[in-house]
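Each chain is listed here by its residues.
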Amino acid sequence: MAFINENYLKLPGSYLFAEIARRVTSFKDENPTADIIRLGIGDVTQPLPAACIQAMHTAVDELAKQETFRGYGPEQGYDFLIEKIIETNYTKRGITIGKDEIFVSDGSKSDCGNIQEIFGTNNIVAITDPVYPVYLDTNIMAGRTGILTENGTFEKVTYMPCTAENNFTPELPKNRVDMIYLCCPNNPTGTTLSREALTEWVNYARKNESIILFDAAYAAYITEEDVPRSIYEIEGAKEVAIEFRSFSKTAGFTGTRCGYTVIPKTVTGRSQDGSKHDFNKLWNRRHTTKFNGTAYIIQRGAEAVYSVEGQAQIKETINYYMANAKIIREGLQAAGIQAFGGVNAPYIWLKTPNNMPSWDFFDKLLHEVNIVGTPGAGFGPSGEGYFRLTSFGNKENTKRAIERIKTKLKF
Ligand SMILES: *Cc1c(COP(=O)(O)O)cnc(C)c1O
């Protein structure tokens, strides 16, 4: 008899998007002519930048010829890509990162999910609430949590509520925590942490020998000058932070798959005997054992993101989404609804009117104005009373949706 990893039994079913789909289907069955607009999309919709497509075409042709064929590449990624990443995202911002401190991957979800493997199983995990579910679920699978309790939280996990009351800035925990997941700009709230708040976190981590797992998947959406693009802009962060980046939202790679993780060699943890060890070494061992590299064609596509044309093209697409974000944010505010985010991220997080439960607001929006969004409660207990709209739709539909909210939604 093979036994199972019973930690998996602690996981609740993937209820959120299945439940949304169920409610939308049932509404459509009853109202077949309803013109439903989806503002719940968590995926990009605009095509890949032309520069990337061209680079990928060229790479395909290289693979067709004996002289330029390539098989396995370095597990950590090709130098041509790593050098561009360092130059554009770090050196230009005054941050020194070495080539062997970058690990190219098939995307950030895998990296955010796998990173916990190089940490001790007794570590205390801290997550913001609401949160991107990957951080919590992968720690449940690894056995770092107890079971789900009645108030919607898992035992042994430190939840850091992020609500309008604290300006979506997690407070430093009273108990000591070891692994701190921060996502900035944030999915789902669309908000960012200030330089001061991030500095407090870095200082906390240095004092407590904790590690910050910093998800910067939406860094390219930051428009305000004073919001850090990378946690390494904060002094001392290179001792305590691991950063995750992705080409998915930056350049439309959600389907083509490419991301990377930065682990400075100065980031250390301890073994039980008290001696210090580099997380970089552990991750290198894991990565080279369990991963055989991102496809050459895709890495060439990612490299093209950093070309002059590539940079202009991603900017144009991001501006397109951010124009939608503005339409949503300002439209909601005009309708008397409190709305957050949408300035440095493609997400708008609204406060449901009269504190309506987020699933009730979902039904109201679907039934009264035929708009689909995502209930905040699906991202954690502190998401209750909030609702997420995204700017990944097309402009016309986004405008029409907001017009309906302004003119037809009744409270
Ligand atoms: C989309 C997203 C990612 C990126 O995922 P990929 O696997 O790179 O596509 C990472 N973190 C958050 C919070 C996201 O929303």
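In the annotation of an unreviewed UniProt entry, the entry for the protein chain reads LL-diaminopimelate aminotransferase, and the organism field reads Propionispira arboris. Within the UniProt record for the protein chain, the comment given under Pathway (unreviewed entry) is "Amino-acid biosynthesis; L-lysine biosynthesis via DAP pathway; LL-2,6-diaminopimelate from (S)-tetrahydrodipicolinate (aminotransferase route): step 1/1."

Enquirer: Any chance you could explain the UniProt feature "domain: Aminotransferase class I/classII large" (unreviewed entry) in the protein chain here in plain terms?
Expert: Within the UniProt annotation, "domain: Aminotransferase class I/classII large" (unreviewed entry) is assigned to residues 35-405. Secondary structure content for residues 35-405 is 36% helix and 16% strand, while the C-alpha to C-alpha distance between its ends is 14 Å.

Enquirer: How should the nonpolar core be read in this particular structure?
Expert: One recurring pattern in soluble globular proteins: nonpolar side chains tend to sit buried together. Grouped together as the largest cluster of nonpolar side chains are 51 residues, with contacts concentrated most on Ile102, Ile212, Ile231 and Phe247. Apart from the residues within four sequence positions on either side, isoleucine 231 is in contact with Leu198, Val202, Ile212, Phe214, Ala237, Ala241 and Glu243. Core analysis: the second largest hydrophobic core is formed by 43 residues, Leu332, Val369, Ile371 and Leu409 among them.

Enquirer: Any chance you could explain the pattern of salt bridges here in plain terms?
Expert: It is possible for side chains bearing opposite charge to pair when their charged atoms get close. Inspection of every chain in the model, using the stated rule, returns 21 salt bridges. Put simply, lysine 99 and glutamate 83 hold a salt bridge, and the shortest N to O gap is 3.1 Å. One end of the pair, lysine 99, is in the loop between helix H3 (79-90) and strand S2 (102-105); the other, glutamate 83, is in helix H3, and 16 residues separate them in sequence. On the basis of relative accessibility, which here comes to 39%, the residue glutamate 83 falls in the partly exposed class.

Enquirer: Explain the site of the ligand here, please?
Expert: The local shell around the ligand holds 14 residues, among which Asp215, Tyr218, Ser248, Lys249 and Arg257 are the closest. Here an oxygen atom of the ligand sits 2.8 Å away from a polar atom, N or O, in the main chain of lysine 109. Residue serine 246 places a side-chain N or O atom 2.6 Å away from an oxygen atom belonging to the ligand. The set of elements that each furnish at least two residues to the shell around the ligand consists of helix H4 (108-114) and helix H8 (248-251). Across the shell around the ligand, the residue classes break down as five nonpolar, five polar and four charged.

Enquirer: I'm lost on the packing of helix H1 (residues 15-30) against helix H12 (residues 358-369) in this one. Help?
Expert: Helix-helix packing is described using two parameters, namely the angle between the two axes and the distance between the axes. Remark: H1 packs on H12, axes separated minimally by 11 Å, with the N-to-C direction vectors making an angle of 35°. Judged by the sense of rotation from one axis to the other, the crossing of H1 with H12 is right-handed. For the pair H1 and H12, contact is made by Tyr15, Leu16, Glu19, Ile20, Arg23, Val24 and Phe27 and by Trp359, Phe362, Asp363, Leu366 and His367, respectively. Tallied by class, the residues present in the contact of H1 with H12 amount to eight nonpolar, one polar and three charged.

Enquirer: How should I be thinking about the sheet that holds strand S6 (residues 211-215) in this particular structure?
Expert: Pairing between sheet strands relies on hydrogen bonds along the backbone, with the strands arranged either parallel or antiparallel. What the seven strands build is an open sheet, ordered S2-S8-S7-S6-S5-S3-S4; its pairing is mixed. Only two strands of the sheet have a single neighbouring strand rather than two, namely S2 and strand S4 (158-161). Each adjacent strand pair in this sheet contributes to an overall mean axis angle of 20°, direction not counted. As paired elements, strand S7 (residues 241-246) and strand S8 (residues 259-262) share four bridges and run antiparallel to each other. Residue phenylalanine 244 lies in a different strand from S8, and its bridge partner there is threonine 261.

Enquirer: When you look at a negative patch on the surface in this model, what are you seeing that I'm missing?
Expert: A cluster of like negative charges, contributed by Glu196, Glu200, Glu224, Glu225 and Asp226, occupies part of the molecular surface. Here glutamate 224 shows up in the loop between S6 and helix H7 (237-240).

Enquirer: When you look at the sheet that holds strand S14 (residues 374-375) in this model, what are you seeing that I'm missing?
Expert: Strand order in this open sheet of four strands is S11-S12-S15-S14, and the pairing throughout is antiparallel. Where the open sheet ends on each side, the last strands, each with one partner, are strand S11 (339-341) and S14. Where S14 and strand S15 (residues 386-390) come together, two bridges link them in antiparallel fashion. Across the sheet, residue threonine 374 finds its bridge partner in S15, namely arginine 388. Against the sheet, helix H11 (residues 308-334) engages S11, strand S12 (347-351) and S15, with an angle of about 10° to S12.

Rules behind the numbers
Residues numbered from 1 in each chain as written. Predicted model: local features only at pLDDT ≥ 70, side-chain atom pairs only at ≥ 80, totals over all residues. Heavy atoms only, no water. UniProt positions renumbered as here; feature names shortened; annotations may be inferred. Helix = DSSP H or I, 4+ residues; strand = E, 2+ residues; numbered from the N terminus. Core = buried A, V, L, I, M, F, W, Y, C linked by side-chain atoms within 4.5 Å. Buried < 20%, exposed > 50% of the residue type's maximum accessible area, 1.4 Å probe, protein only. Contact = heavy atoms within 4.5 Å. Salt bridge = Lys/Arg side-chain N within 4 Å of Asp/Glu carboxyl O. Near = heavy atom within 4 Å. Polar contact = N/O pair within 3.5 Å; in protein donor to acceptor, adjacent residues only side chain to side chain. Nonpolar A, V, L, I, M, F, W, Y, C, P; charged D, E, K, R; others polar. Axes fitted to C-alpha atoms, helices over the stretch in contact; angles between N-to-C directions. Left-handed = near helix turned anticlockwise from the far one by under 90°. Pairing = 2+ DSSP bridges. Patch = residues over 30% accessible without salt bridge, like charges linked within 9 Å, V, L, I, M, F, W, Y side chains within 5 Å. Areas by Shrake-Rupley, 256 points an atom, 1.4 Å probe, with all protein chains shown as cover. Lys, Arg positive; Asp, Glu negative; His and termini not counted. Charge placed at Lys NZ, Arg CZ, Asp CG, Glu CD.

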